[in-house]
Amino acid sequence: MEENKKLQQLKQYKVNDNEQPMTTNQGLKITDDEHSLTAGLRGPTLIEDFHFREKMTHFDHERIPERVVHARGTAAHGIFESYDNHSAITKADFLSEAGKRTPVFVRFSTVAGSRGSADTVRDVRGFATKFYTDEGIYDLVGNNIPVFFIQDAIKFPDVIHAVKPEPHNEIPQAQSAHDTFWDFIAHNQESAHMIMWHLSDRAIPRSYRTMEGFGVNTFRFVNAQGEAHFVKFHWKPVLGMASLVWDEAQKIAGKDPDFHRRDLYDNIEAGNYPEYELCVQLLKPEQEHDFDFDLLDPTKIWPEEQVPLHKLGKMTLNRNVDNFFAETEQVAFHPGHVVPGIDFTNDPLLQGRLFSYTDTQLIRLGGPNFHELPINRSVCPFFNNQRDGYGRQTINVGRVSYHKNGMQNNTPHEVPEEDGGYRHYEEKVDGHKIRARSESFNDHFTQARMFWISLTDVEREHIVKAMSFELGKVETLAIRQQIVDMFANVCRDLATTVAQNIGVEPPQEGIEPPDVKTPSPAVSMEQRPAKGTATKKVAVVVNDKSAIEELASAFDEQHMTVEFISSKQGFIRDFEIKQTFDTAHPVLYDGLYVDATFDCPVTSRKLQTFVDDTYNHYKAIGYHEAPLIDAQYVNEPGVGQGVQTFIELLAEGRHFDRTFAIG
Ligand code: HDD
């Protein structure tokens with residue numbers, strides 16, 4: 001494993017207490033950690049018991065506020081490597097030469113749920129990357145959906161209050177399927193486009209390794225000559241994209257609430273390092289008004305067919321954290337952490353974000369020194385006249401803590417732009433102070449419609465089901481009706497089918513979607529599907545008569561992850577059977593290979609349930625001999641005999657053309 005600059009820096013903070021004597025925090029060796037100091041064997045505890053007090057006080061203060069959004073997450077270290085010298089578009093040093101490597105730390109998250117909520121809920125996923133560059137920290141704080149619910153940051157508390165558990169009973173946890181969320185949507189129609197993505201398979205990813213990331217807001221690149229571009233950021237997973245199906249996602253939430261966290265951790269431990277290419281879309285300042293949407297509107301994408309992607313480099317996540325709290329919980333991102341060459345635009349959502357992130361760290365991490373926490377520390381040195389505050393670690397020497405000064409030769413000194421000083425892009429701004437929004441932000445349905453017409457039939461069917469599910473959980477019929485009417489602006493058939501499913505009237509006459517002729521196929525996940533077998537996880541059902549040796553080597557050759565399942569744990573020959581039908585569940589695998597039958601009727605029944613669920617979720621099923629699986633499945637798509645056939649079926653992904661599956 002490469003010791004990048006950040007990992008080297010972190011080393012000095014690590015403590016391994018293996019084989020060490022136990023001490024108090026003051027270093028005093030402890031003789032007894034089992035008993036409080038009491039007055040007599042059955043008497044009260046004494047206040048002089050400093051050991052008890054220190055231990056208990058620390059425990060009492062262990063918790064910090066969870067993130068107000070994105071509380072549930074997991075993270076990993078890695079490295080970003082630039083493909084080229086990109087100085088023609090940005091002077092950012094980490095993009096300045098081919099092969100230049102920059103340490104990164106990435107935190108993936110859900111948005112709505114609490115810190116202990118399930119991973120596989122229907123939600124947007126956060127994709128936040130901290131680049132430890134030689135010029136300071138750069139944070140790209142993105143999501144796995146390229147647009148947002150609202151256009152102006154002042155509405156962020158509202159959309160979040162609406163989606164969070166309802167205030168009177170704190171139900172439901174990590175779900176958008178409830179009244180307040182859909183009431184908000186019905187009354188804030190700018191969210192229409194985002195809702196289409198939220199109801200799509202993007203909101204239930206198979207893993208963090210198989211989802212895209214987007215910077216969402218429009219940023220600005222500036223080169224050394226001062227020339228600027230509007231820029232949108234994209235992360236493309238090298239494995240391709242894959243999602244769960246809804247029935248499966250709900251079941252996984254119970255069977256393994258840590259499903260995504262475990263998947264990322266296990267794959268990094270196994271050396272299956274997730275990779276993502278960083279791409280940008282670029283537009284020149286003079287193209288600002290060339291589109292039928294506003295470039296500053298965060299509810300809009302720039303269709304890739306109109307504005308192509310340029311690849312900048314590749315990120316590889318190759319190391320798990322040592323301590324979840326110290327690293328993953330304490331990491332503090334902020335879209336305002338930028339380096340020379342990266343700047344902001346007047347996107348009204350971004351502008352508000354630039355205030356919110358530092359503000360939230362002050363309450364979450366307890367004061368203004370969170371940049372000193374090991375995970376947040378820049379790898380380049382930092383000097384200024386900021387001093388003191390809770391938990392200050394730096395020991396600033398000398399008498400001077402102000403600028404300008406004469407006693408220290410006026411240092412730390414300001415740095416001219418040509419020596420790396422950050423200079424804001426000098427955009428001309430002129431206007432009246434008003435609370436209003438440009439009319440160019442008013443079209444809420446064209447791109448929602450474009451998204452809809454760009455999807456495959458299966459993807460569209462999933463949206464119909466998702467909307468029926470979500471609204472089916474809404475108790476207030478008026479809200480269901482308002483949403484049906486609202487989405488007639490996207491597709492009348494969609495709205496009518498959902499209305500039928502949830503028992504409300506079809507959409508009002510006269511509501512028609514905009515006439516969108518050009519789709520954007522790139523928004524469909526089918527454009528970049530996770531094909532192949534690499535890192536796919538399969539359950540292989542075996543007993544002592546099975547050809548485990550051959551199966552293991554055939555699947556290993558395909559870089560698949562295999563778990564053998566049988567009626568009992570223990571060893572069959574050299575192979576450890578780690579899972580049984582009771583400890584494992586078919587929703588946790590990408591495919592199933594059956595090479596065993598069982599005499600016990602209860603075990604046979606459990607195997608049948610395994611096959612049924614795998615079938616229901618459109619996943620590949622392989623078997624050694626036909627009698628090993630139910631005859632009704634044998635001629636179904638995605639079901640085949642023999643290892644080679646199974647490998648091919650698994651490589652294709654899901655088999656949505658099944659006769660009676662659900663999902
Ligand atoms: Fe945000 C966290 C992404 C809009 C305010 N946001 C947070 C995280 C991600 C995003 C990935 C988790 C970072 C982590 O892992 O620690 N947020 C986005 C994206 C947005 C967005 C892509 C739309 C473009 N956010 C947004 C707005 C506001 C915030 C409009 C407020 C004005 N976001 C926050 C926050 C959080 C946060 C309250 C909570 C925890 C934190 O910042 O560190 O400041």
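Residues numbered from 1 in each chain as written. Predicted model: local features only at pLDDT ≥ 70, side-chain atom pairs only at ≥ 80, totals over all residues. Heavy atoms only, no water.

- Under the annotation held in an unreviewed UniProt entry, the protein chain carries the name Catalase and is attributed to Caryophanon tenue.
- For the record of the protein chain, the UniProt heading Cofactor (unreviewed entry) holds the text "heme".
- In the Function (unreviewed entry) part of its UniProt record, the protein chain is described as follows: "Decomposes hydrogen peroxide into water and oxygen; serves to protect cells from the toxic effects of hydrogen peroxide." (UniProt positions renumbered as here; feature names shortened; annotations may be inferred.)

**What to know about the packing of helix α14 (residues 548-557) against helix α16 (residues 643-652)**
Here comes step 1: Where α14 contacts α16, the axes come no closer than 11 Å and their chain directions differ by 35 degrees. In this structure, α14 crosses over α16, and the sense of that crossing is right-handed. Facing α14, whose interface residues are L551, A554 and F555, α16 presents V643, F646 and I647.
Here comes step 2: Split by residue class, the contact of α14 with α16 holds 6 nonpolar, no polar and no charged. (Axes fitted to C-alpha atoms, helices over the stretch in contact; angles between N-to-C directions. Helix = DSSP H or I, 4+ residues; strand = E, 2+ residues; numbered from the N terminus. Left-handed = near helix turned anticlockwise from the far one by under 90°. Contact = heavy atoms within 4.5 Å. Nonpolar A, V, L, I, M, F, W, Y, C, P; charged D, E, K, R; others polar.)

**Topic: the pattern of salt bridges**
Here comes step 1: Under the criterion given, the structure shown has 43 salt bridges.
Here comes step 2: Residue D263 pairs with R206 through a salt bridge whose shortest N-O separation is 3.3 Å. Of the two residues, D263 sits in helix α7 (residues 259-269) while R206 sits in the loop between α5 (192-198) and β5 (213-214), which places them 57 residues apart along the sequence.
Here comes step 3: According to the relative accessible area criterion, D263 is buried, its value standing at 9%.
Here comes step 4: A salt bridge links R220 to E427; its shortest N-O distance comes to 3.0 Å. One end of the pair, R220, is in strand β6 (residues 219-222); the other, E427, is in the loop between α9 (348-364) and α10 (446-454), and 207 residues separate them in sequence.
Here comes step 5: Owing to a relative accessible area of 5%, R220 belongs among the buried residues under this scheme.
Here comes step 6: Salt bridges here are not isolated pairs; linked through shared partners, they connect R202, E212, K236, E304 and R528. (Salt bridge = Lys/Arg side-chain N within 4 Å of Asp/Glu carboxyl O. Buried < 20%, exposed > 50% of the residue type's maximum accessible area, 1.4 Å probe, protein only.)

**Description of the environment of L46**
Here comes step 1: With respect to the helices, strands and loops of the structure, L46 is situated in the loop between α1 (5-11) and α2 (50-60).
Here comes step 2: Along the primary structure L46 and S36 are separated by 10 residues, whereas in three dimensions their C-alpha atoms are 8.1 Å apart.
Here comes step 3: Not counting residues up to four positions away in its chain, the partners in contact with L46 are L37, T38 and A39.

**Brief notes about a nonpolar patch on the surface**
Here comes step 1: Together, F52, M56 and F59 make up a nonpolar patch on the protein surface, roughly 280 Å² of accessible area in all.
Here comes step 2: One can find M56 in helix α2.
Here comes step 3: For M56, a relative accessible area of 34% corresponds to the partly exposed category. (Patch = residues over 30% accessible without salt bridge, like charges linked within 9 Å, V, L, I, M, F, W, Y side chains within 5 Å. Areas by Shrake-Rupley, 256 points an atom, 1.4 Å probe, with all protein chains shown as cover.)

**Considerations on the UniProt feature "active site" (unreviewed entry) in the protein chain**
Here comes step 1: Feature annotation in UniProt assigns "active site" (unreviewed entry) to the following positions: H70 and N143. Sequence-wise these annotated residues cover 74 residues; spatially they are packed, their C-alpha atoms never more than 10.4 Å apart.
Here comes step 2: Along the polypeptide, H70 turns up in the loop between α2 and β1 (73-82).
Here comes step 3: Non-local contacts of H70, meaning those with residues more than four positions away in its chain, are made with R107, S109, T110, V111, G126 and N143.
Here comes step 4: A distance of 2.8 Å separates a polar atom in the side chain of H70 from a polar atom in the side chain of S109.
Here comes step 5: Note on placement: N143 falls in strand β4 (residues 136-143).
Here comes step 6: Overall, N143 belongs to the buried group, its relative accessible area being 9%.
Here comes step 7: Setting aside its immediate chain neighbours within four residues, N143 contacts H70, V124, R125, G126, F127, F148, E212, G213, F214 and V216. (Polar contact = N/O pair within 3.5 Å; in protein donor to acceptor, adjacent residues only side chain to side chain.)

**Points about the site of the ligand**
Here comes step 1: Taken together, 23 residues surround the ligand, and among them R67, R107, R353, Y357 and Q361 come closest.
Here comes step 2: Note that a nitrogen atom of the ligand is positioned 3.3 Å from one of the side-chain N or O atoms of R353.
Here comes step 3: Between the ligand and Q361 there is a distance of 2.8 Å, counted from an oxygen atom to a side-chain nitrogen or oxygen.
Here comes step 4: Only β3 (125-133), β4 and α9 provide two or more residues apiece to the shell around the ligand.
Here comes step 5: Broken down by element, the residue count for the shell around the ligand peaks at 7 residues, all from α9. (Near = heavy atom within 4 Å.)

**Details of the packing of aromatic side chains**
Here comes step 1: Counted under the stated rule, the structure contains 31 aromatic pairs.
Here comes step 2: For the pair F94 and F131, a centre-to-centre distance of 4.9 Å together with 40 degrees between the ring planes defines the contact as tilted. Here F131 lies in strand β3 and F94 lies in the loop between β1 and β2 (101-110), a separation of 37 residues in the sequence. Considered together, F94 and F131 belong to a single accessibility category, that of buried residues.
Here comes step 3: When the ring of Y593 is compared with that of F646, the centres are 5.4 Å apart and the planes differ by 55 degrees; the resulting orientation is tilted. Of this pair, Y593 sits in strand β16 (residues 591-594) while F646 sits in helix α16, and the two are 53 residues apart along the sequence. Like F646, Y593 is buried.
Here comes step 4: Through pairs of rings, three or more aromatic residues link up here, namely F80, F94, F108, F127, F131, Y138, Y208, F219, F221, F233, W235 and Y276. (Phe/Tyr/Trp six-rings, centres within 6.5 Å; stacked < 30°, edge-to-face > 60°.)

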